[in-house]
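An overview of the molecular structure
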Amino acid sequence: TRVDMDLNEDFLTSIKKIGIQEPITVEKIVKKGVTTYALLNGDRRVSAVTLLEEKHPNKRIEIPAIVKEQITDLHARNVVLLTSNGGKPLTMLEEATVFGRLKKQGMVELDIAVHAGKSKATVYNGLLLDSINKELKDLIHKGGISATLVIDTIRAHKGVVKTAEVELMQAI
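In what follows, the accompanying structure is described. Since we're looking at a predicted model, the values are computed, not measured.

A separate point is the nonpolar core. The biggest cluster of nonpolar side chains holds 15 residues, and the ones touching the most others in it are L129, I132, I140, V150 and I154. The set of elements that each furnish at least two residues to this core consists of α4 (92–104), α6 (120–130), α7 (134–142), α8 (147–156) and α9 (161–171). For this core, the leading source of residues is α8, giving four residues. Beyond its immediate chain neighbours, meaning those up to four positions away, L129 contacts M92, L93, A96, K137, I140, A147, V150 and I151. The next biggest cluster of nonpolar side chains, apart from the first, holds nine residues, and it includes M107, I112, A113 and V123.

Printed below as a string of structure tokens:
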């Protein structure tokens, strides 16, 4: 979920009244017979619906979706993940999530860097950021702490994420 999404009242009211008109795009992923879906485009709409459903738990809002078959080429997947963001650049946290997904799919840091057009250091820092706990990710998302400070603290602790997390949470 983006910090700069501008989930203003007009947007939320429109969704309450007429629902989601433009479909999101998801990728169908089948692994070991289990089907899941990964969001490729439409984070703002999904975030708005999630917010509305949290405020009104008894009301469900349908989100139309375009389903793309699983992208098997890692380079193609990388391009889709890095560019399917409604034309906005990814935040450090979003970029970190993409790097983490690619690593879980078997790519090594150097391959991620080459395919993403980023430095190896940027990818390494992104993977550090992706490895932090949800509480710190939420704080970054809400603007309570900067992604750069989190990365710097982890690096100061020689990459030991848990120690850095404890220090950061105590400081907050």
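Overall, mixed pairing links the three strands, which are arranged β2-β1-β3 in an open sheet. Sheet topology places β2 (34–41) and β3 (65–68) at the edges, where each strand pairs with a single neighbour. Each strand of the sheet is rotated relative to its neighbour by a mean of 35°, with strand direction disregarded. Two elements, strand β1 (residues 24–31) and β3, share four bridges in a ladder whose sense is parallel. For V26, the partnering residue across the bridge sits in β3 and is V67.

In this section: the packing of α7 against α9. α9 packs onto α7 with a crossing angle of 50° between their chain directions and a minimal axis gap of 10 Å. In this view, α7 runs oblique relative to α9, as classed from their interaxial angle. The two elements α7 and α9 meet at a crossing, and its hand is left-handed. Taking contact as the criterion, the partners of E135, L136 and L139 in α7 are, on α9, E165, L168 and M169. Among the residues forming the contact of α7 with α9, the class breakdown is four nonpolar, no polar and two charged.

Moving on, we get to the environment of S131. Following the sequence through the fold, S131 ends up in the loop between α6 and α7. Here S131 falls in the partly exposed class, since its relative accessible area comes to 38%. Setting aside its immediate chain neighbours within four residues, S131 contacts V161 and E165.

Moving on to the pattern of salt bridges. Once their charged atoms are close, side chains differing in charge can pair, the charge on each being opposite to the other. In total, this model carries six salt bridges according to the counting rule given. Taking the shortest distance from any N to any O, the salt bridge between R60 and E53 comes out at 2.8 Å. The exposure class assigned to R60 is exposed, which follows from its relative accessible area of 63%. Where E109 meets K103, a salt bridge forms, and the shortest distance between an N and an O atom there is 2.8 Å. Overall, the relative accessible area of 22% leaves E109 in the partly exposed class. Given a relative accessible area of 39%, K103 falls into the partly exposed group.

Thresholds, definitions, all that
Every chain is numbered on its own, with residues counted from 1 as its sequence reads. Reporting in this predicted model follows two pLDDT cut-offs: at least 70 for local features of residues, and 80 or more for side-chain atom pairs to be given and counted; totals over whole chains, interfaces and linings ignore these cut-offs and use all residues. Heavy atoms from the whole structure form the basis of all side-chain values; hydrogens and water molecules are not counted. Residues belong to one nonpolar core when they are buried, are Ala, Val, Leu, Ile, Met, Phe, Trp, Tyr or Cys, and are joined through side-chain atoms within 4.5 Å. Relative accessibility under 20% of the residue-type maximum defines a buried residue, over 50% an exposed one, and the middle range a partly exposed one, all with a 1.4 Å probe and only protein chains included. Put simply, DSSP marks the helices as runs of H or I at least four residues long and the strands as runs of E at least two long, and each gets a number from the N terminus on. Only heavy atoms matter for contacts: two residues are in contact if any of them lie within 4.5 Å across the pair. By the convention used here, strands pair only if DSSP detects at least 2 bridges between them. Geometry is summarised by axes, namely lines fitted to C-alpha atoms with helices restricted to the contacting stretch, and by angles between N-to-C directions that run from 0 to 180 degrees. Reported orientations rely on four angle classes, namely roughly parallel under 35 degrees, roughly antiparallel over 145, roughly perpendicular from 65 to 115, and oblique for the rest. We call a crossing left-handed when the near helix sits turned anticlockwise from the far one by less than a right angle, and right-handed when that turn is clockwise. Nonpolar residues are Ala, Val, Leu, Ile, Met, Phe, Trp, Tyr, Cys and Pro. Charged residues are Asp, Glu, Lys and Arg, and all others, Gly as well, are polar. Between Lys or Arg on one side and Asp or Glu on the other, a salt bridge is scored when a side-chain nitrogen of the former is within 4 Å of a carboxyl oxygen of the latter.

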